[in-house]
Amino acid sequence: MRQIGLEKNKREFHSTKYYVNAVKKETVRTDHPQQRESGQWPPEYRDGLIGTVLKNEDIPYIVICEQVTERGVDNYLIDGIQRVTTIFNYRVGAFKLGNKLENPLIEYQVNRLDEKGKPMRDESGNLMHDTIVCDIRGKGYKDLPEELQELFDEFQLMEVKHLNCTDDQIGYHLRRYNHAKKMGASQNGITYLDKNIAMRVKNITSTHTFFKDFGNFKPAERNNDTLNRVVLESFMATYFMDRWKSPLKDICFFLNDNLQEEMIAAFNKELDSISEVMRETVAEMFTSKNSFLWFVTYHKFCETGMPSERFMDFMEAFKMNLHSKEWHGMTFDDMNRVSTKKKSCIIEKLQLLEEFMQEFVSEEGKGEKVGLMDFIKENVKKEAEQEDLALYQDMLDDLILEVNNDTKLLDIENRASLTALVGYACEQDIDLDEWFVEYFKTHTVYRKDQKSNFRCMADDLQKFIKKGERNGRKSMVEYI
């Protein structure tokens, strides 16, 4: 325990040259047994730090723990070991900067020199300067111009030194400074996204019902930008699959220039519609790995004009057996065993899902036609034939032109009762034009039980006629 009043730490600045020499002489030690090894950074991080130093930008402070023993004083580097050792290795020529360095052009000023190498002055006696641009890609320390070498050596790092530490205190500080987790791949990738697009994406993932209430996402994935990655990959795969990029950073760069407002609006609308019909059995299929595949497939499904419930049916069928159905010699399970974002793999998965979805929708459509005829025979005309059904459907299509097509009453699930009502009015010689428009103005929902819904509409039509709003119209006969 420290005595109150004793100095616990101090802050000071040292140049990179100081630390290079300190590491070389081991007056600053990088080998504390509880510290992780140096050299943990990939080339992208390593090169980024050197670029930061050469551009004279700020970097986080480093932390030293001083330990006084009977052998003398040891200064252990406990936070910032990757930064200091990267600077050391670059200074001694252990590596050169790569070609993927961000913002690699550095401007610096030099005095203009005459033929004798002396600084030139203008007529007023002021020094004349030139601005030089240096591309630091591919350059080691010795390849840099003298001015940038000096800038590198003189760059100041802030140091926090904890004084007279015991072994327990050093362990404590090591744990304390490493509690903070570095940015994950998704968090780092989204930093390359345009600010306005990033705000729109984060608004979707933080406020939309789908991401708040549905999806099979882990708690950590809701806090580390994974959901934002799902949305960005969905945009990329939906609209720009031919330009697919695997690294999130590259996706962000591409979308900055190519994502349109109507694409964001369409995605929001599709999230709205799929959320309205979401089932628990289906929600669990929306994982961080596969959600963007389902969003793309749903986008294609919406082009069929069929109700969203059908897509839920398809996903349930896929979960039950289609996932193991063979497609060109392989199954979705086979493809999904490999966790890859390679363009060719994504395209194959999307093609499989689209083909299976289209087959499922087509088969369901055939079943709908048979079921509708049975419904007409049971509720309208026992001897009805295909020509009768075609007539009722054509008449319904004409009536629909006069009403708001955004209403739920036109859902595919409600077509059986609508078609039956048109058929009944046709058989009873009742003109539906005015009633149809009025009904659609005053009703927004329907009963899932289509027989019950048909009877309710028929009752409403009968009341409409009896009230005399259609003078001369004959009353509807009893249909039960």
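Worth saying up front: this structure is predicted, and the values here are computed from it rather than measured. Just so you know, the residues in each chain are numbered from 1, in the order the chain's sequence is written. Thresholds applied to this predicted model are a pLDDT of at least 70 for local features of residues and 80 or more for the giving and counting of side-chain atom pairs; totals over whole chains, interfaces and linings are not thresholded and use all residues. Each side-chain value is derived from all of the structure's non-hydrogen atoms; neither hydrogens nor water enter the calculation.

What to know about helix α5 (residues 167-177)
Argument step 1. Here the term buried applies to any residue with accessible area under 20% of the maximum for its type, exposed to any over 50%, and partly exposed to those in between, with areas from a 1.4 Å probe on protein chains only. Here a strand is any run of E in DSSP of at least two residues, a helix any run of H or I of at least four, and the numbering for each starts at the N terminus. For α5, the set of buried residues is Q169, I170, G171, H173, L174 and Y177.
Argument step 2. Throughout, a contact is declared for two residues whenever any of their heavy atoms are within 4.5 Å. In this structure, the buried side of α5 is in contact with β2 (62-69), β3 (72-79) and β6 (156-162).

Re empty space enclosed by the protein
Argument step 1. Throughout, the protein atoms alone are placed on a 1 Å grid, and a set of points is a cavity if a 1.4 Å probe fits but cannot get out or a pocket if it is open with protein on both sides within 12 Å along at least five of seven lines; lining residues have an atom within 4 Å of a point. Grid points are joined across faces, edges and corners, and a volume is the space filled by probe spheres set on the points. Counted under the stated rule, the structure contains two cavities of 30 Å³ or more.
Argument step 2. In this structure, the largest cavity spans a volume of roughly 40 Å³.
Argument step 3. In terms of lining, the largest cavity is formed by S234, F235, T238, Y239, M263, F267, E270 and F295.
Argument step 4. Elements supplying a minimum of two residues to the lining of the largest cavity: α9 (226-239) and α11 (261-276).
Argument step 5. Counting residues per element, the lining of the largest cavity draws most heavily on α9, at four residues.

Describing the packing of aromatic side chains
Argument step 1. Only Phe, Tyr and Trp rings take part, Trp by its six-membered ring, and two of them pair if their centres are within 6.5 Å. Stacked means planes under 30 degrees apart, edge-to-face means over 60, and tilted covers everything else. Overall, the coordinates contain 32 aromatic pairs when judged by the stated rule.
Argument step 2. On the numbers, 5.2 Å between centres and 80 degrees between planes, the contact of F210 with F211 is edge-to-face.
Argument step 3. Pairwise contacts between aromatic rings join F210, F211, F214, F217, F235, F267, F286 and F295 into one cluster.
Argument step 4. A ring is considered to have a charge above it if a Lys NZ or an Arg CZ atom is located within 6 Å of its centre and within 35 degrees of its normal. Above the plane of the ring of F95 lies R46, whose end atom (NZ or CZ) is 4.1 Å from the centre.
Argument step 5. Over the face of the ring belonging to Y192 we find K249, whose NZ or CZ atom lies 5.4 Å from the ring centre.

Looking at the nonpolar core
Argument step 1. By nonpolar core we mean a set of buried residues, namely Ala, Val, Leu, Ile, Met, Phe, Trp, Tyr and Cys, connected to one another through side-chain atoms within 4.5 Å. Counting 62 residues, the largest nonpolar core has F311, F314 and F318 as its most contacted members.
Argument step 2. Among the elements that line this core, the one with the most residues is helix α16 (residues 343-379), at eight residues.
Argument step 3. Discounting residues that sit within four places of it in the chain, F314 has contacts with W294, T297, L322, L353, F356, M357 and F360.
Argument step 4. Counting residues in each nonpolar core, the second largest holds 34 residues, with I376, Y424, Y439 and F464 among its members.

Here's the deal with the packing of helix α19 (residues 433-442) against helix α20 (residues 450-466)
Argument step 1. Each axis is a line fitted through C-alpha atoms, taken for helices only over the stretch in contact, and angles between the N-to-C directions span 0 to 180 degrees. As a packed pair, α19 and α20 sit with axes 11 Å apart at the nearest point and diverge in direction by 120 degrees. As α19 packs across α20, the resulting crossing turns out to be right-handed. Where α19 abuts α20, its residues E434, W435, E438 and Y439 lie against M457, D460, L461 and F464.
Argument step 2. Ten residues, namely Ala, Val, Leu, Ile, Met, Phe, Trp, Tyr, Cys and Pro, are considered nonpolar, four, namely Asp, Glu, Lys and Arg, are considered charged, and the remaining ones, Gly among them, are considered polar. Residue composition of the contact of α19 with α20, by class: five nonpolar, no polar and three charged. If you view the pair so one helix is near and one far, a crossing is left-handed when the near helix is turned anticlockwise from the far one by less than a right angle, and right-handed when it is turned clockwise.

Remarks on the pattern of salt bridges
Think of it this way: side chains of opposite charge can pair up when their charged atoms draw near.
Argument step 1. The salt bridge criterion pairs a side-chain nitrogen of Lys or Arg with a carboxyl oxygen of Asp or Glu, the two atoms within 4 Å. On inspection of all chains with the given rule, the structure shows 22 salt bridges.
Argument step 2. Among the ionic pairs, E44 bridges to K249, the shortest N-O distance being 3.1 Å. One end of the pair, E44, is in helix α2 (residues 43-54); the other, K249, is in helix α10 (residues 248-258), and 205 residues separate them in sequence.
Argument step 3. Notably, a salt bridge pairs E233 with K341, separated by 2.9 Å at the nearest N-O pair. In this pair, E233 sits in helix α9 while K341 sits in the loop between α15 (332-336) and α16, placing the two residues 108 residues apart along the sequence.
Argument step 4. Classification of E233 by relative accessible area gives buried; the value is 3%.

Some words on the sheet that holds strand β1 (residues 9-15)
Argument step 1. Taken in spatial order, the four strands make up an open sheet running β1-β6-β2-β3, and their pairing is mixed. Of all the strands in the sheet, just β1 and β3 have a single pairing partner and so form its edges. For this sheet, the mean inter-axis angle between neighbouring strands, taken without regard to orientation, is 30 degrees.
Argument step 2. Across seven bridges, the pairing between β1 and β6 is antiparallel. Considered in β6, the bridge of H14 is made with L157.
Argument step 3. Sheet contacts for helix α1 (residues 16-25): β1, β2 and β6; angle to β1, the most-contacted strand, approximately 100 degrees. In this scheme, strands are said to pair when DSSP sees at least two bridges between them.

Quick word on a negative patch on the surface
Argument step 1. The patches reported here contain residues having more than 30% relative accessible area and no salt bridge. Joining distances are 9 Å for like charges and 5 Å for nonpolar side chains (Val, Leu, Ile, Met, Phe, Trp, Tyr). Method for areas: the Shrake-Rupley scheme with a 1.4 Å probe, in which residue coverage is limited to the protein chains shown. Charged-residue counts in this description rest on Lys and Arg as positive and Asp and Glu as negative, His and the chain ends being excluded. Working definition for charges: the position is that of NZ of Lys, CZ of Arg, CG of Asp or CD of Glu. On the surface, a cluster of negative charge is made up of D394, D397, D398, E402 and D433.
Argument step 2. In terms of residue count, helix α17 (residues 386-400) provides more of the negative patch than any other element does, three residues in total.
Argument step 3. Tracing the backbone through its elements, the reader meets D398 in helix α17.

Overview of the side chain of E221
Argument step 1. As for its placement among the helices and strands, E221 is situated in the loop between α8 (209-213) and α9.
Argument step 2. The side chain of E221 sits in the buried core without any salt bridge; K218 is the nearest counter-charge, 5.0 Å away.
Argument step 3. With sequence-adjacent residues up to four places away left out, E221 is seen in contact with T226, L227 and S288.

Concerning the confidence of the model for the protein
Argument step 1. Confidence of the prediction at every residue is given by pLDDT, a number between 0 and 100. Looking at the protein as a whole, its pLDDT mean stands at 87, while 92% of the residues score no less than 70.
Argument step 2. Considering only residues more than four positions removed or in separate chains, one finds that residues 1-5, a stretch of pLDDT under 50, has six contacts.

Structural notes on the pairing of strand β4 (residues 105-111)
Argument step 1. The alternating pattern of β4 places I106, Y108 and V110 on a buried face, while none of L105, E107, Q109 and N111, on the opposite face, is buried.
Argument step 2. Looking at chain direction, β4 and strand β5 (residues 129-135) are connected through seven bridges and run antiparallel. Bridge pairing in β5 places L105 opposite D135.

Remarks on the environment of A266
Argument step 1. Looking at the element boundaries, A266 is found in helix α11.
Argument step 2. Taking relative accessible area as the criterion, A266 reaches 21% and is therefore assigned partly exposed.
Argument step 3. For the pair formed by A266 and K451, sequence separation is 185 residues and the distance between their alpha carbons is 35 Å.

With respect to the pairing of β3
Argument step 1. The buried fraction of β3 is high, at six of eight residues.
Argument step 2. In this structure, β2 lies alongside β3, joined through seven bridges in antiparallel fashion. Bridge pairing links E66 to N75 in β3.
Argument step 3. Adjacent in sequence and paired antiparallel, β2 and β3 are bridged by two residues.

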